[in-house]
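# Close look at the chain arrangement
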Amino acid sequence: MTDEELDPIESLVADALERVASGGWAALDAFCSEHPDAASEIRNRIQQLQELGALSDGILPLPPRNGDFLGPYRLVREIGRGGQGVVYEAEDPALSRRVAIKLLSETNNMDAARRMRLEREAQIVAQLNLPEVCAIYSAELDGPRPYVVMPLIEGRTLESQIRGWREARASGNPNEIGSAPHLRQTLEYFRRVAMALHQVHEKGVVHRDLKAGNLMVRPDGSPMILDFGLARDQRTDAVHLTATGSDLGTPAYMSPEQVQRRVQAIDRRTDVYSLGITLFEALTLERPFDAPTIEETKRNILEATIPDARKLIPTIPRDVQTVLERAMGATSSAATERRSTLRRSWGGFLRASPSSRSPRAHGSARGAGSIEIEWAFRSPRPQARSS
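Residues numbered from 1 in each chain as written. Predicted model: local features only at pLDDT ≥ 70, side-chain atom pairs only at ≥ 80, totals over all residues. Heavy atoms only, no water.

## Description of the overall build of the chain
Counting secondary structure elements, the chain contains 13 helices and 13 strands. In the chain, which comprises 387 residues, the share counted as buried stands at 47%. Here the analysis covers contacts within the chain between residues at least 6 apart in sequence; of these, 62% occur between residues at least 24 apart. If you sum the accessible surface of the chain, you get close to 18,600 Å²; carbon and sulfur atoms cover 49% of it. (Helix = DSSP H or I, 4+ residues; strand = E, 2+ residues; numbered from the N terminus. Buried < 20%, exposed > 50% of the residue type's maximum accessible area, 1.4 Å probe, protein only. Contact = heavy atoms within 4.5 Å. Areas by Shrake-Rupley, 256 points an atom, 1.4 Å probe, with all protein chains shown as cover.)

And the structure:
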């Protein structure tokens, strides 16, 4: 076929793929803006080539756009993005329902380890089958773009809720932080998270990335634990499955053993530690070991004294501070003592219940809302060797 006989769209598609090979998929947007009349057809042709597996090995799969179909599902909008994957709201035409679809981000899609981890996440969540863990409807793990289909959960992440509280405080608007209702609701929420987490642990699974962004607050105030992408099934998984790079957690919520990359010491106690950091943040709007850089944050986790939350929010009961100190391992700044405490039995949960004690001073949490905290220890774990 001569150049004159070449389909003009095919010629444009070839030029577009050359741009993509050198500049990534962002270059496709620029190319299509130069050819607006053919833009839709160019994208359709490239999509067809992708589905046929005809794109060159050096080209990552075409990122989906709102309105595209992924299998039988029509993508509606992107609702979340993290270091590993992207979550879309999608429509399931067969059942006339909205779902959430999680797929790997463009840069991770060709990474075999990331693809394996998505498969492991689907398997782990399917076996958990707990009401507080976001379920898996189905998984399509073969093909150029593997994905899992989940329920579309109403509500907002705890991270989003905390952000709203911070913005209200920064703008000078009064908010409920430190009030008896805020304390009572927060502690009840975390009680339910911890009880669900205990069930997860009893099934042999460690989440390893608990944080405010991975906890959903549903409209009725109940929790949902999200994103088991870094989870490990201690009964079946080899330690090395998620022991590389940044796959040991999110820095601000890491436990000391995660910071030190002591992979074999990472067990359910790591989740309790991260849950303690998240509780501190939900109560005070501050993270206990935050610093300007990741390295400083990690150093604080290993060396700094656990802050007293009551210095930030005086209405927090002393019992709650005790819970925070136990969850985060020690009151000492010595890393060795902190590690020793982390080797003690964890798997605990918070129970918030009405206090039978007499009310305290007006304005205190007990006086206004009668909050009592109990820390119960369950299912001791074998002691980990210190490194």
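Once the structure has been displayed, the description carries forward.
## Comments concerning the packing of helix 5 (residues 158–170) against helix 8 (residues 268–284)
At a closest axis distance of 9 Å, the pairing of helix 5 and helix 8 adopts a crossing angle of 30 degrees. Read as a crossing pair, helix 5 and helix 8 show a hand that is left-handed. On helix 8, the residues touching Leu158, Ile162, Trp165, Arg166 and Arg169 of helix 5 are Thr278, Glu281, Ala282 and Thr284. Broken down by class, the residue content of the contact of helix 5 with helix 8 amounts to four nonpolar, two polar and three charged. (Axes fitted to C-alpha atoms, helices over the stretch in contact; angles between N-to-C directions. Left-handed = near helix turned anticlockwise from the far one by under 90°. Nonpolar A, V, L, I, M, F, W, Y, C, P; charged D, E, K, R; others polar.)

## Observations regarding the pattern of salt bridges
Taken as a whole, this structure holds 18 salt bridges when the rule is applied. Across the salt bridge formed by Glu286 and Arg169, the nearest N and O atoms sit 3.2 Å from each other. One end of the pair, Glu286, is in the loop between helix 8 and helix 9 (294–303); the other, Arg169, is in helix 5, with 117 residues separating them in the sequence. Residue classification places Arg169 among the partly exposed positions, given a relative accessible area of 40%. Put simply, Glu188 and Arg191 hold a salt bridge, and the shortest N to O gap is 2.7 Å. A residue pair is termed a helical-turn pair when its members lie 3 or 4 positions apart in one helix, as Glu188 and Arg191 do in helix 6 (residues 180–202) at three residues. Connected via shared salt-bridge partners are Arg166, Glu281, Arg287 and Asp290. (Salt bridge = Lys/Arg side-chain N within 4 Å of Asp/Glu carboxyl O.)

## Observations concerning the nonpolar core
If you look at the biggest cluster of nonpolar residues, it comprises 52 residues, and the most contacted ones within it are Leu158, Phe228 and Met328. Elements with a minimum of two residues in this core: helix 4 (112–128), helix 5, helix 6, strand 9 (215–217), helix 8, helix 9 and helix 11 (318–327). Sort the elements by how many residues they give to this core and helix 6 lands first, with nine residues. Setting aside its immediate chain neighbours within four residues, Leu158 contacts Tyr189, Phe190, Ala212, Leu215, Val217 and Thr278. Counting residues in each nonpolar core, the second largest holds 13 residues, with Ile9, Ala16, Ala38 and Ile42 among its members. (Core = buried A, V, L, I, M, F, W, Y, C linked by side-chain atoms within 4.5 Å.)

## Focus on the pairing of strand 2 (residues 73–81)
With two bridges joining them, strand 1 (residues 69–70) and strand 2 adopt antiparallel strand pairing. Directly across from Phe69, in strand 2, lies its bridge partner Arg74. As consecutive antiparallel partners, strand 1 and strand 2 are separated by two residues, and within that stretch Gly71 has a phi angle of approximately 60 degrees, a positive value. In this sheet, strand 3 (residues 85–92) lies alongside strand 2 in antiparallel orientation, the contact comprising six bridges. Bridging across to strand 3, Glu78 finds its partner in Tyr88. (Pairing = 2+ DSSP bridges.)

## Regarding helix 6
Between its terminal C-alpha atoms helix 6 stretches 33 Å, which fits the 33 Å expected from 23 residues at 1.5 Å a residue. Where helix 6 ends, the next residue or the one after it, Gly204, has phi of about 85 degrees, a positive value. (Expected span 1.5 Å × (residues − 1).)

## A word on the packing of aromatic side chains
Applying the stated criterion across every chain, the model contains two aromatic pairs. Taking 5.6 Å as the distance between ring centres and 80 degrees as the angle between the ring planes, the aromatic pair formed by Tyr189 and Phe190 counts as edge-to-face. For the pair formed by Tyr189 and Phe190, the shared burial category is buried. (Phe/Tyr/Trp six-rings, centres within 6.5 Å; stacked < 30°, edge-to-face > 60°.)

## Here's the deal with the sheet that holds strand 1
The six strands are arranged 1-2-3-4-6-5 in an open sheet whose pairing can be described as antiparallel. Each edge of the sheet is formed by a strand with only one pairing partner; in this case those strands are strand 1 and strand 5 (138–140). The pairing of strand 4 (residues 97–104) with strand 6 (residues 147–151) spans five bridges and is antiparallel. By the bridge assignment, Ile101 is partnered in strand 6 with Val149. Strand contacts of helix 4: strand 4, strand 5 and strand 6, with the helix running at about 140 degrees to strand 4, the strand carrying the most contacts.

## Observations concerning the confidence of the model for the chain
Of all residues in the chain, 72% have pLDDT values of 70 or greater, and the mean over the chain is 77. Ignoring residues within four places in sequence, the model shows residues 239–246, a span with pLDDT below 50, making 16 contacts including any to other chains. (pLDDT = per-residue confidence, 0-100.)

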